Amino acid sequence: MTDRYAVIGNPVAHSKSPWIHAEFARQTRQDIDYGRIEAPLEGFARAVDEFRAAGGRGANVTLPFKQQAHLYCGNALSERARTAGVVNTLIFDGGGWRGDNTDGVGLLRDLTANLGRAVAGARVLLMGAGGAAQGVLAPLLQAGPARLVIANRTADKARSLAQRHGASAGGDYDALRGEQFDLVVNATSAGLENAAPPLPAGVFAAGALGYDMVYGRDTPFLAMARAAGAAALDGTGMLVEQAAESFQLWRGVRPDTAPVLAALRGR
Ligand code: NAP
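Residues numbered from 1 in each chain as written. Predicted model: local features only at pLDDT ≥ 70, side-chain atom pairs only at ≥ 80, totals over all residues. Heavy atoms only, no water.

1. A short note on the overall build of the protein chain
A count of helices and strands for the protein chain gives ten helices and eleven strands. Taking 18 Å as the expected radius of gyration for a compact globule of 267 residues, we find that the protein chain reaches 18 Å, a close match to that expectation. Across the 267 residues in the protein chain, those meeting the buried criterion constitute 52%. Considering only contacts within the protein chain whose residues lie at least 6 apart along the sequence, 64% involve residues at least 24 apart. Summing over all exposed atoms, the protein chain offers an accessible surface of approximately 11500 Å²; the carbon and sulfur share of this is 50%. If the 27 positive side-chain charges of the protein chain are averaged to one point and the 25 negative ones to another, these points end up 1 Å apart. (Helix = DSSP H or I, 4+ residues; strand = E, 2+ residues; numbered from the N terminus. Rg over C-alpha atoms; globule rule 2.2 N^0.38 Å. Buried < 20%, exposed > 50% of the residue type's maximum accessible area, 1.4 Å probe, protein only. Contact = heavy atoms within 4.5 Å. Areas by Shrake-Rupley, 256 points an atom, 1.4 Å probe, with all protein chains shown as cover. Lys, Arg positive; Asp, Glu negative; His and termini not counted. Charge placed at Lys NZ, Arg CZ, Asp CG, Glu CD.)

Written as structure tokens, this is what we have:
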């Protein structure tokens, strides 16, 4: 029987996850069906319950439900999901379920394995304090940056995230004046509104990379990075790498991400 998976979010019509997982399944000869579920904003838990009752074997969770997915899992969490406080992967087996978070490993694989960028010893700026930033913060810190600063429009959220995880500093964008970073990760959704976080001039160090988690479009932040002489890349690689990690959790087999990423970039 075909095993069923889905991405649950609101909205999800734009999601590339069904296409990516179909490619992984074809490549690894796994018999799965991966669809989209648009849950009502107040109806996440019910949508998950219904999918499980209908035989669903696992799901990816996207905006705006990653915190609710963490709550849904209670104590049935991987260490990295517990630390992050947000869940992007649900695994249903034997009548139970558990939550994991593959965003951090996805970002790190894209940065280090695909792009050849070292996080160890680098000065890193993480912008945003929502589900995406929370998912990648601890893995970024574990990679051993020389300094990791979090900036967010609502500065208190960045401050408390920084304190909780032992980052170098957290606050608003103005506090970044005079600082320079080798890696600037945009984990805000500003690009979706064709906006960029209000970065002070001069934050990109020589040879820096500006990385926008928003994928499939050229964002004002990426234009800002290029104008400052930095390399600029969208989050397509992270999307594919976090999906590969989820696929492995569900199916026990690791797909080759390179051809899928190449096809997606060429689309
Ligand atoms: P979220 O929980 O809604 O958080 C959004 C964040 O963006 C908050 O920190 C918010 O600041 C900030 N923000 C929104 N509009 C802004 C603006 N105009 N200027 C400055 N900051 C702004 O969303 P999320 O789950 O963290 O996701 C963030 C983005 O990452 C989404 O676009 C998502 O698609 C993308 N993402 C990509 C991948 C991937 O695999 N490539 C994985 C995960 C997420 P406040 O706190 O002040 O509201």
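2. A short note on the pairing of strand 5 (residues 96-100)
Pairing of strand 4 (residues 89-93) with strand 5, which is carried by five bridges, proceeds in the antiparallel orientation. Each residue of the ladder has a partner; that of Thr89, found in strand 5, is Asp100. The turn linking strand 4 back onto strand 5 is made up of two residues, and Gly94 within it adopts a positive phi angle of 55 degrees. (Pairing = 2+ DSSP bridges.)

3. Considerations on the packing of aromatic side chains
Tallied over the entire structure, the rule returns eight aromatic pairs. Measuring from ring centre to ring centre gives 6.3 Å for Phe44 and Tyr72, while their planes differ by 80 degrees; the resulting arrangement is edge-to-face. With Phe44 in helix 2 (residues 44-53) and Tyr72 in helix 3 (residues 66-72), this pair connects stretches of sequence that are 28 residues apart. With respect to burial, Phe44 and Tyr72 carry one shared label: buried. Of note, Arg52 hangs over the ring of Phe92, and the distance from its end group to the ring centre comes to 5.9 Å. (Phe/Tyr/Trp six-rings, centres within 6.5 Å; stacked < 30°, edge-to-face > 60°. Lys NZ or Arg CZ within 6 Å of the ring centre and 35° of its normal.)

4. Side note on the nonpolar core
In terms of nonpolar packing, the biggest core is built from 25 residues, with Leu107, Leu111, Leu126, Leu140, Leu148, Ile150 and Met213 touching the most fellow members. Counting only elements with at least two residues in this core, the list comes to helix 5 (103-114), strand 6 (123-127), helix 6 (131-142), strand 7 (147-151), helix 7 (155-165), strand 9 (181-186) and strand 10 (204-212). No other element matches the four residues that helix 6 contributes to this core. By size, the runner-up hydrophobic cluster in this structure holds 19 residues, among which are Ile8, Phe44, Val48 and Cys73. (Core = buried A, V, L, I, M, F, W, Y, C linked by side-chain atoms within 4.5 Å.)

5. Structural notes on the pattern of salt bridges
For the structure shown, the criterion picks out 17 salt bridges. Here Arg46 ties to Glu50 by a salt bridge, and the two come within 3.3 Å at their closest N and O atoms. Here Arg46 pairs with Glu50, and both are found in helix 2, just four residues apart, close to one helical turn. Two residues, Asp103 and Lys66, come together in a salt bridge whose shortest N-O distance is 2.8 Å. A residue pair is termed long-range when its members are at least 10 positions apart, and Asp103 in helix 5 and Lys66 in helix 3 qualify at 37 residues. Each member of the pair, Asp103 together with Lys66, is buried. Three or more residues joined by partner-sharing salt bridges are found here, namely Arg80, Asp100, Arg109, Glu245 and Arg254. (Salt bridge = Lys/Arg side-chain N within 4 Å of Asp/Glu carboxyl O.)

6. Remarks on the sheet that holds strand 2 (residues 32-38)
Strands sit in the order 2-1-3-4-5 across an open sheet of five strands; the sheet is mixed. Of all strands in the sheet, those bounded by a partner on one side alone are strand 2 and strand 5. Averaged over all pairs of adjacent strands, the angle between strand axes in this sheet comes to 20 degrees, irrespective of strand direction. Across seven bridges, strand 1 (residues 3-9) lies against strand 2 in parallel orientation. Note on strand 2: the bridge partner recorded for Tyr5 is Tyr34. The strands touched by helix 1 (residues 17-28) within the sheet are strand 1, strand 2 and strand 3 (56-61), with strand 2 carrying the most contacts at an inclination of about 170 degrees. (Axes fitted to C-alpha atoms, helices over the stretch in contact; angles between N-to-C directions.)

7. A closer look at the site of the ligand
Lining the immediate environment of the ligand, one finds 25 residues, of which Ala132, Asn152, Arg153, Thr154 and Lys157 sit closest. Separating an oxygen atom of the ligand from a backbone N or O atom of Leu239 is a distance of 3.3 Å. Protein contact buries 84% of the 930 Å² of open area that the ligand shows by itself. Among the detected pockets, the ligand sits in the largest pocket. Secondary-structure elements contributing two or more residues to the shell around the ligand are helix 6 and helix 9 (236-251). Counting residues per element, the shell around the ligand draws most heavily on helix 9, which supplies three residues. Partitioning the shell around the ligand into residue classes produces eleven nonpolar, nine polar and five charged. (Near = heavy atom within 4 Å. Polar contact = N/O pair within 3.5 Å; in protein donor to acceptor, adjacent residues only side chain to side chain. 1 Å grid on protein atoms, 1.4 Å probe; cavity = no way out; pocket = protein on both sides within 12 Å on 5 of 7 lines; lining within 4 Å. Sits in = over half its atoms within 2 Å of the grid points. Nonpolar A, V, L, I, M, F, W, Y, C, P; charged D, E, K, R; others polar.)

8. Notes on the environment of Ser246
Relative to the helices and strands, Ser246 resides in helix 9. Accessibility expressed as a relative area gives 0% for Ser246, which makes it buried. Between the C-alpha atom of Ser246 and that of Ala59, which follows or precedes it by 187 residues, the distance is 8.8 Å. Beyond its immediate chain neighbours, meaning those up to four positions away, Ser246 contacts His21, Asn60, Thr89 and Thr102. At 3.3 Å, the side chain of Ser246 forms a polar contact with the side chain of Thr102.

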